[in-house]
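Coordinate analysis (summary)
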Amino acid sequence: MLLLNPARTDGAKIQRYPTLHTAGKTDRILIVAPHIDDESIGAGGYAIDAIANGADVYVVFLTAGDCNRFAARLMFKTLEPTASNFLGVGNARIREAGQAMHLLGIPRDHYFVLGYPDRGLRTMVENPGAIIRSTATRENSVPYADAVTPRADYNYDSMMRDLMKVVTIVKPTTVIAPVPFDHHSDHSAAAEITDAALEELHLHPSRLGYLVHTAVSRIHTAFMKTPRRAILPPARMKGFSWATYGLSTAVQQTKAEILLTYKSQRPYVFLLRNAFVRQNELFYLYPARQDAGSGIPIAEP
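What counts and what doesn't
- Residues numbered from 1 in each chain as written.
- Predicted model: local features only at pLDDT ≥ 70, side-chain atom pairs only at ≥ 80, totals over all residues.
- Heavy atoms only, no water.
- Helix = DSSP H or I, 4+ residues; strand = E, 2+ residues; numbered from the N terminus.
- Buried < 20%, exposed > 50% of the residue type's maximum accessible area, 1.4 Å probe, protein only.
- Contact = heavy atoms within 4.5 Å.
- Core = buried A, V, L, I, M, F, W, Y, C linked by side-chain atoms within 4.5 Å.
- Axes fitted to C-alpha atoms, helices over the stretch in contact; angles between N-to-C directions.
- Parallel < 35°, antiparallel > 145°, perpendicular 65-115°, else oblique.
- Left-handed = near helix turned anticlockwise from the far one by under 90°.
- Lys, Arg positive; Asp, Glu negative; His and termini not counted.
- Salt bridge = Lys/Arg side-chain N within 4 Å of Asp/Glu carboxyl O.
- Polar contact = N/O pair within 3.5 Å; in protein donor to acceptor, adjacent residues only side chain to side chain.

What follows concerns the overall build of the chain. Helices and strands together make up the secondary structure of the chain, namely 9 helices and 9 strands. In the chain, which comprises 301 residues, the proportion classed as buried is 54%. Nonlocal contacts in the chain, meaning residues at least 24 apart in sequence, comprise 80% of its contacts between residues at least 6 apart.

Our focus in this paragraph is the nonpolar core. Membership of the largest hydrophobic core comes to 86 residues, with the highest contact counts inside it found for L30, V60, F61, M101, Y116, I176 and F283. Among the elements that take part in this core, helix α6 (residues 156-170) stands out by supplying 8 residues, more than any other. Sequence-distant contacts of F61, that is, excluding residues within four places in its chain, are made with A33, H35, I36, D37, E39, A97, M101, Y111, F112, V113, L114 and G115. Membership of the second largest hydrophobic core comes to 6 residues, among which are C67, A71, F86 and V89.

In contact at an axis separation of 10 Å, helix α8 (residues 249-259) and helix α9 (residues 268-276) are set at 160 degrees when each is read in the N-to-C sense. With respect to α9, the axis of α8 lies roughly antiparallel. The interaxial crossing formed by α8 with α9 has right-handed handedness. Between α8, through K255, A256 and L259, and α9, the contact on the second element is made entirely by V269, L272, R273 and F276.

So, about unusual backbone geometry. Excluding glycine, most residues fall at negative phi; most peptide bonds, likewise, are trans. Residues R266 and P267 are joined by a peptide bond in cis, for which omega reads 0 degrees. With respect to the helices, strands and loops of the structure, P267 is situated in the loop between α8 and α9. With phi around 65 degrees, R138 is a residue other than glycine that occupies positive phi space. Relative to the elements of secondary structure, R138 occurs in the loop between α5 (121-126) and α6. Exposure remark for R138: the relative accessible area of 45% places this residue in the partly exposed category.

To continue, consider the side chain of D182. Among the secondary structure elements, D182 is positioned in the loop between β5 (174-178) and α7 (185-200). One buried charge, D182, has no salt-bridge partner; the nearest side chain with opposite charge is R236, at 9.3 Å. Here the side chain of D182 touches V212 through a polar contact of 2.9 Å, landing on its backbone nitrogen. Among the polar contacts listed, one links the side chain of D182 to the backbone nitrogen of H213, at a separation of 3.0 Å. When neighbours within four sequence positions are excluded, D182 is seen to be in contact with H187, S188, L211, V212 and H213.

Turning next to the pattern of salt bridges. Taken as a whole, this structure holds 7 salt bridges when the rule is applied. A salt bridge links R93 to D37, with the nearest nitrogen and oxygen atoms 3.3 Å apart. In this pair, R93 is assigned in helix α4 (residues 83-104) and D37 in the loop between β2 (28-33) and α2 (38-52), connecting sequence segments 56 residues apart. Look at the salt bridges and you will find they share partners, linking R122, E126 and E192 into a network.

Below is the structure:
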């Protein structure tokens, strides 16, 4: 069997993109995660270095990720999970988020659970006047006591109020959220929700986007650890405005440990670790506004 040298084959490709500098002491980073674990998948390494460098890092989880049927089946040993089982998944994921944030170095007042419906964010965006019901938990309001607003209606206005409350508390200099062209409906909706909240508050922080789902019903996964490989954009997106952030071996190890705290997502989480714990993280660079300062500091290739 011929084994390629991943470092050599990826080196030239990754060098075409500018490199992000580590955030510093004056930076306040807000990471928007549609589901609990997206923050670490997309920007865990960047956050680890930012915290070590004195930056304030915050995370907001839009949902509790409570619509995972496979997780509910494994956790409750049933082929037909009930609404109560899905709520159990959501509560388990919230507990795991607390453990992951502790490992990451983010204190309790620096992360927020909103608790809106998993796989329901797109429906809320497209039907702003409606109160929707979760297809999994059967709830139509936030069911989690640890959420920012327990029992807030599952509608667009409630979600926007909660997110704007978080943004007002954080006062971010940089916001990291999913890209609008991610193929998961919750991720693309999260990008729109984030932009709408910032626009409503007349705030224009620097913006970075992360890509998780590269095609419909497909997430970037791998069956083997490949820490020496680079994360690169799909071929059809390579002309987009991307930047890369290099991860040291120590940061890769910490990122892997954080991802593995999400035990409710086993065995899937191992595939995520293999795919996203690599020599870099990849970010989409939003155009800098004329009135938003100098933007993200980067080193040109």
